[in-house]
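Residue-level listing of the chains:
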Amino acid sequence: MGIEEYGGGQGPAPDVLVVTTNDVPGYRVEQVIGEVFGLTVRSRHLGSQIGAGLKSMIGGELKGLTKTLVETRNQAMERLVEQARARGANGVLMFRFDVTDAQDMGTEVCAYGTAVVMVKE
């Protein structure tokens, strides 16, 4: 797998800017819309579970699970952006991920933040 398969985030010039900070230099928050989130739950693939079990005995990165988690986080972020856009936001501040086990059946990933309308200063 190439490095491009291990990353995520936004491309250049997104219509909804997502940042982990409280503010964005050069912009002022004109309106706070409120919390938005994107949620997805992924089941574990039997093949990757077996491979992970074997790999855990000898050590090393679980590349199949890493790729799945990256895809899952990207999907959660896309859903967050869709929700922010639908509510009229052009930015999401204080962006975070929360990842938990979903009753040993899979992984729940929630992307969340505060949707805002920002204007360039």
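Here is a short report on the structure shown in this document. The written sequence of each chain sets the order in which its residues are numbered from 1. Totals for whole chains, interfaces and linings use every residue, but because this is a predicted model, local features are given only for residues with pLDDT of at least 70 and side-chain atom pairs only at 80 or more, for both listing and counting. The side-chain quantities take in all heavy atoms of the structure and omit both hydrogens and water.

With respect to the overall build of the protein chain
Numbered from the N terminus, helices here are DSSP runs of H or I no shorter than four residues, and strands are runs of E no shorter than two. Helix and strand counts for the protein chain stand at 2 helices and 4 strands. The order of α-helices and β-strands along the protein chain, N terminus first, is β-β-α-α-β-β. By definition in these notes, contact holds between two residues if any of their heavy atoms fall within 4.5 Å. Of the contacts made within the protein chain by residues no fewer than 6 positions apart, 77% connect residues no fewer than 24 positions apart. Of the roughly 7,600 Å² of accessible surface on the protein chain, 53% is carried by carbon and sulfur atoms. For the area figures, the Shrake-Rupley method with a 1.4 Å probe applies, and any residue is considered shielded solely by the protein chains shown.

Points about helix α2 (residues 63-86)
The length a helix should cover is 1.5 Å for every residue beyond the first. Taking 1.5 Å of rise per residue, the 24 residues of α2 would be expected to cover 34 Å, and the 35 Å separating its terminal C-alpha atoms lies within 8% of that figure. Here's how the labels work: a residue is buried when its accessible area is under 20% of the maximum for its type, exposed when over 50%, partly exposed in between, all with a 1.4 Å probe on protein chains only. Of all the residues in α2, the buried ones are V70, T72, A76, M77, L80, V81 and A84. Taken together, the buried residues of α2 touch β1 (17-18), β2 (27-43), β3 (91-101) and β4 (106-120). Backbone geometry just after α2 places G88 at a positive phi near 90°.

Some thoughts on the sheet that holds β1
Strands pair in a sheet through their backbones, by hydrogen bonds, and they do so in one of two ways: parallel or antiparallel. Taken together, the 4 strands give an open sheet; going across it, the order is β1-β3-β4-β2, and neighbouring strands pair in mixed fashion. For this open sheet the edge positions go to β1 and β2, each flanked by a neighbour on one side alone. For helices, the axis comes from a line fit to the C-alpha atoms of the stretch in contact; other axes are also lines fit to C-alpha atoms, and the angle between any two N-to-C directions lies between 0 and 180 degrees. Contacts between α2 and the sheet are confined to β1, β2, β3 and β4, with β2 contributing the most and set at about 140° to the helix. By the convention used here, strands pair only if DSSP detects at least 2 bridges between them.

A closer look at the environment of N74
Residue position: N74 is located in helix α2. Setting aside residues up to four positions removed in sequence, N74 forms contacts with G7, G8 and G9.

What about a nonpolar patch on the surface?
A cluster of nonpolar side chains, contributed by F37, L39 and Y112, occupies part of the molecular surface with about 250 Å² of accessible area. By secondary structure assignment, the location of Y112 is in strand β4. Owing to a relative accessible area of 32%, Y112 belongs among the partly exposed residues under this scheme. Exposure above 30% relative accessible area and the lack of any salt bridge qualify a residue for a patch; like charges then connect within 9 Å, and the nonpolar side chains Val, Leu, Ile, Met, Phe, Trp and Tyr within 5 Å. The working definition used for a salt bridge is a side-chain nitrogen of Lys or Arg within 4 Å of a carboxyl oxygen of Asp or Glu.

Focus: the side chain of T72
Note on placement: T72 falls in helix α2. The term polar contact refers here to a pair of N or O atoms within 3.5 Å; inside protein, the definition further demands a hydrogen-donor-capable atom paired with an acceptor-capable atom, and it admits residues adjacent in sequence only when both atoms are side-chain atoms. At 2.7 Å, the side chain of T72 and the backbone oxygen of T68 are in polar contact. Excluding residues that lie within four positions of it along the chain, T72 makes contacts with T40, R42 and V109.

Re the nonpolar core
Here, the term nonpolar core denotes a set of buried Ala, Val, Leu, Ile, Met, Phe, Trp, Tyr and Cys residues that are joined through side-chain atoms within 4.5 Å. In terms of nonpolar packing, the biggest core is built from 16 residues, with V18, V36, L80, A84, V92, F95 and A115 touching the most fellow members. Elements with a minimum of two residues in this core: β2, α2, β3 and β4. Considering each element in turn, this core owes the most residues, 5 residues, to α2. Setting aside its immediate chain neighbours within four residues, V92 contacts V16, L17, V18, V19, V36, L80, A84, G113, T114 and A115. In terms of nonpolar packing, the next biggest core, distinct from the first, is built from 5 residues, V19, V24, L93 and M118 among them.

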